[in-house]
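Listed here are the chains, written in short residue letters.
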Amino acid sequence: MPRRTLENAMQTKKKILEAAQRLFSRRGFERTSLSDIAKGAGCTRGAIYWHFENKEELLMSLLESLEQEQFGMEYLNDACDPNSYNPLSKLKKWLSALCDEKNIALLNSTLISMVIMIFNGGSNPELKEMMQQRRVQKNELIAKALKNIVSKGQLPSDLIIDLAVEHLCVFIVGTFHRSRVTNTNHLKNNFPLFVELEFKAIRELTEEKLRTNSLP
């Protein structure tokens, strides 16, 4: 594809995602049609189908785009890189993005409320399954990052990876829900400490689990 044509295609895709975010936030997923999104993006339905198979894939691409742009996914990817000098710091930076002011605003948005309803409901099992698959992929990335951190000697060599992943996920979900129900200033101001305490808890979790398993 010629460079100019590729640039135009990427610009159209960006406009489609922006229009989808606006309309999903305003109307919800079910009440927003691809025709509505095409009109909002100033393109045709055919242009949408060139980039996305259906509305479900469009929403998933939107969520992935927001994750990449706002939630520091590059830090999680760097934490997985065997060539990363300090993968633990990268993983901490990824977690810290949860409490960035613009991200807290997004977590409290009608768009995310819509996503929660889809995930917890049964009206669109196909989309729910796509979200479940994305969650599994994220957990696999976290596990890969932890294994890399262990290999660098930044976490104990006997770290129980599955338990550590689960504990981190509980921490992430807890932070997410806490940011939606309380004054976030205290959370933001103390979040670096909370992140440090989380990794202390992960170390202690492994020690306690190994101690318990060794008991007669």
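Before reading on, note that the structure itself is shown above.
Given the structure is predicted, the values throughout are model-derived calculations rather than measurements.

S.K.: So what exactly am I meant to see when it comes to the overall build of the protein here?
M.R.: If you tally the helices and strands in the protein, you get eleven helices and zero strands. What you see in the protein, going N to C, is helices and strands ordered as α-α-α-α-α-α-α-α-α-α-α. Along the longest, intermediate and shortest principal axes, the C-alpha atoms of the protein span 65 × 40 × 35 Å. Taken across its 216 residues, the protein has 41% of its residues classed as buried.

S.K.: Please clarify how the pattern of salt bridges should be interpreted in this entry.
M.R.: Two side chains that carry opposite charge are able to pair once their charged atoms sit near each other. A full pass over the atoms with the stated rule returns four salt bridges. For the salt bridge of Arg27 with Asp36, the shortest nitrogen-to-oxygen distance reads 2.9 Å. For Arg134, the salt bridge is made with Glu67, and the minimal N-O distance between the two is 2.7 Å. Placement of the pair is Arg134 in helix α9 (residues 125–151) and Glu67 in helix α4 (residues 55–70), with a sequence separation of 67 residues. The two residues Arg134 and Glu67 agree in class, both being buried. By sharing partners, the salt bridges in this structure join Glu67, Arg134 and Lys138 into a single network.

S.K.: I'm lost on the environment of Leu17 in this one. Help?
M.R.: With respect to the element layout, Leu17 can be found in helix α1 (residues 3–27). Leu17 gets classed as buried once you look at its relative accessible area, which sits at 11%. Sequence separation of Leu17 and Leu66 is 49 residues, and the distance between their C-alpha atoms is 9.7 Å. Aside from chain neighbours lying at most four places away, what touches Leu17 is Phe52, Leu58, Ser61, Leu62 and Ser65.

Calculation notes
- Residues numbered from 1 in each chain as written.
- Predicted model: local features only at pLDDT ≥ 70, side-chain atom pairs only at ≥ 80, totals over all residues.
- Heavy atoms only, no water.
- Helix = DSSP H or I, 4+ residues; strand = E, 2+ residues; numbered from the N terminus.
- Buried < 20%, exposed > 50% of the residue type's maximum accessible area, 1.4 Å probe, protein only.
- Salt bridge = Lys/Arg side-chain N within 4 Å of Asp/Glu carboxyl O.
- Contact = heavy atoms within 4.5 Å.

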